[in-house]
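Here's the letter readout for the chains.
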Amino acid sequence: MWRLLTGGIKVIIAIAALTTAANWIALREKDRAPSPALAAAIDPPTTGALAPRKAGAAAPARLDQRGLGRLMSEASGEGRR
């Protein structure tokens, strides 16, 4: 009976040591693995970046307070007053 008990304890210790070693090796391999590259080249569809403006492009139209108020009232559904 004593041999069975000590043999079982040795087996449990051996399994725990092997499991610990396997986890340690897996963590080392995980740290060594190359991380996914961040956007090396700016690709607007992938990164969500905006394309740079062209030098000859026209300036966007500016909004005055009346135009802004009209846009806000249309969006809220109030209509004209």
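Thresholds, definitions, all that
- Residues numbered from 1 in each chain as written.
- Predicted model: local features only at pLDDT ≥ 70, side-chain atom pairs only at ≥ 80, totals over all residues.
- Heavy atoms only, no water.
- Helix = DSSP H or I, 4+ residues; strand = E, 2+ residues; numbered from the N terminus.
- Areas by Shrake-Rupley, 256 points an atom, 1.4 Å probe, with all protein chains shown as cover.
- Polar contact = N/O pair within 3.5 Å; in protein donor to acceptor, adjacent residues only side chain to side chain.
- Patch = residues over 30% accessible without salt bridge, like charges linked within 9 Å, V, L, I, M, F, W, Y side chains within 5 Å.
- Salt bridge = Lys/Arg side-chain N within 4 Å of Asp/Glu carboxyl O.
- pLDDT = per-residue confidence, 0-100.

1. Considerations on the overall build of the chain
Of the regular secondary structure elements, the chain holds three helices and zero strands. As presented, the chain carries roughly 8,200 Å² of accessible surface, and 64% of it is formed by carbon and sulfur atoms.

2. Topic: the environment of Thr6
With respect to the element layout, Thr6 can be found in helix α1 (residues 2-32). For Thr6, the side chain forms a polar contact with the main-chain oxygen of Arg3, separated by 3.2 Å.

3. Quick look at a nonpolar patch on the surface
Together, Trp2, Leu5, Ile9 and Ile13 make up a nonpolar patch on the protein surface, roughly 480 Å² of accessible area in all. Its place among the elements puts Leu5 in helix α1.

4. Here's the deal with the confidence of the model for the chain
Segments scoring low in pLDDT should not have their predicted coordinates read at a detailed level. Of all residues in the chain, 56% attain a pLDDT of 70 or more, and the chain-wide mean is 75. Across the chain, the element-wise mean pLDDT spans from 63 in helix α2 (residues 44-47) up to 90 in α1.

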